[in-house]
Amino acid sequence: MTKFYSLLYDSTFKYFLKETSHLKFFSDLIENETGYSLMDYEFYDQELNMGNHKKDFRLDILLKKEDHIIIIELNSTHNTYIKRKNFAYLCRVASSIYEKGENYEKERQVTLINMNNWTCEENKMEGVDHYNFHSTKYKKIIEGMESFEIYLGKYKGMVYNGSNKVEAGFSLFTAQSYIEARAIVKDWKEGGEIVDELEKLEYNDEFNAVYDAEVVQKKLENSARLEGESIGIKKGEKHKEREIVRSMLKKNFDLKTIMDIVGLSKEEILSLQ
């Protein structure tokens, strides 16, 4: 059975954003709904919230152009925790400039784009919502932070008809198989190229390692959050490390590559065999 790679994973979406030949496809979708083109943005500080400086496919999607940072979050699970986490992250990125001793007068604009795999609760016909932060008393907008909520549930099931590239493009994010993805793009050349590239990822060992790691990490995070016990989180982290290392060793990755991707020492890797 062919393995399906969902666009709703950070590792997959980041792979396409790094590929110049496919960047415009996704940039056009984002620009249509937010007004921001990603063409001139560069990846920035991929582990701002992780406590180290490694940059790879697995981590948060942050893009920077001068003093503007765009955060893209791919949300599969609909719950209060996800909303709070993402807004807290937005505030942290917006305020991190002050942690680095930079000039306080130098303002930073941060835009959070949430790609939500569900339908808008308030208005099921709504595909995109835009939030600003403001004082309820004085109705004054707090400059420097904003959020776009893109509700993919509105587009699920839509197929390309020759004139709906945006709708079909977002529908592609909701696909759960290559059969479904092919049905969405039909004879759309650009959409078909995206699905072709997804299928080719099966032969990309480095990508498979980080994609599998993200799958394991998400399962463990969900499990740990439901259990709500710190001991469960610690065990989950250890289990995640073993799964990642074993997957990479099975694919004959050398120790240095594993050290670079997973962030463990040689001794730690050998101890997890």
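The structure this text deals with has already been given above.
Residues numbered from 1 in each chain as written. Predicted model: local features only at pLDDT ≥ 70, side-chain atom pairs only at ≥ 80, totals over all residues. Heavy atoms only, no water.

Remarks on the overall build of the protein chain
Stated precisely, the cut-off is as follows: Counting from the N terminus, the helices are DSSP H or I runs at least four residues long and the strands are E runs at least two residues long. Note on contacts: a residue pair is in contact if any heavy atoms of the two residues lie within 4.5 Å. Each accessible area value is a Shrake-Rupley result obtained with a 1.4 Å probe; residue values ignore everything except the protein chains displayed when judging cover.
Summing up its helical and strand segments, the protein chain has 10 helices and six strands in all. Intrachain contacts of the protein chain at a sequence separation of at least 6 include 62% that bridge at least 24 residues. For the protein chain, the computed accessible surface area is about 15000 Å², with 50% contributed by carbon and sulfur atoms.

A look at unusual backbone geometry
Phi at Glu-66 is positive, roughly 55°, even though this residue is not glycine. Inspection of the secondary structure assignment puts Glu-66 in the loop between strand 2 (61–65) and strand 3 (68–75). One non-glycine residue, Lys-186, lies in the positive phi region at around 50°. Structurally, Lys-186 is set in the loop between helix 5 (178–185) and helix 6 (189–200).

Observations concerning the pairing of strand 2
Applicable threshold: Two strands form a pair only when DSSP identifies at least two bridges running between them.
As judged from the two bridges shared by strand 1 (residues 42–43) and strand 2, these two strands associate in the antiparallel manner. Opposite Glu-42, over in strand 2, you have Lys-64 as the bridge partner. As judged from the five bridges shared by strand 2 and strand 3, these two strands associate in the antiparallel manner. In the sheet register, Leu-63 faces strand 3, and the bridge partner there is Ile-70. Between strand 2 and strand 3, which pair antiparallel and follow one another directly, the connecting turn spans two residues, one of which, Glu-66, has a positive phi of 55°.

Purely geometric stuff here, so don't read any function into it on its own.
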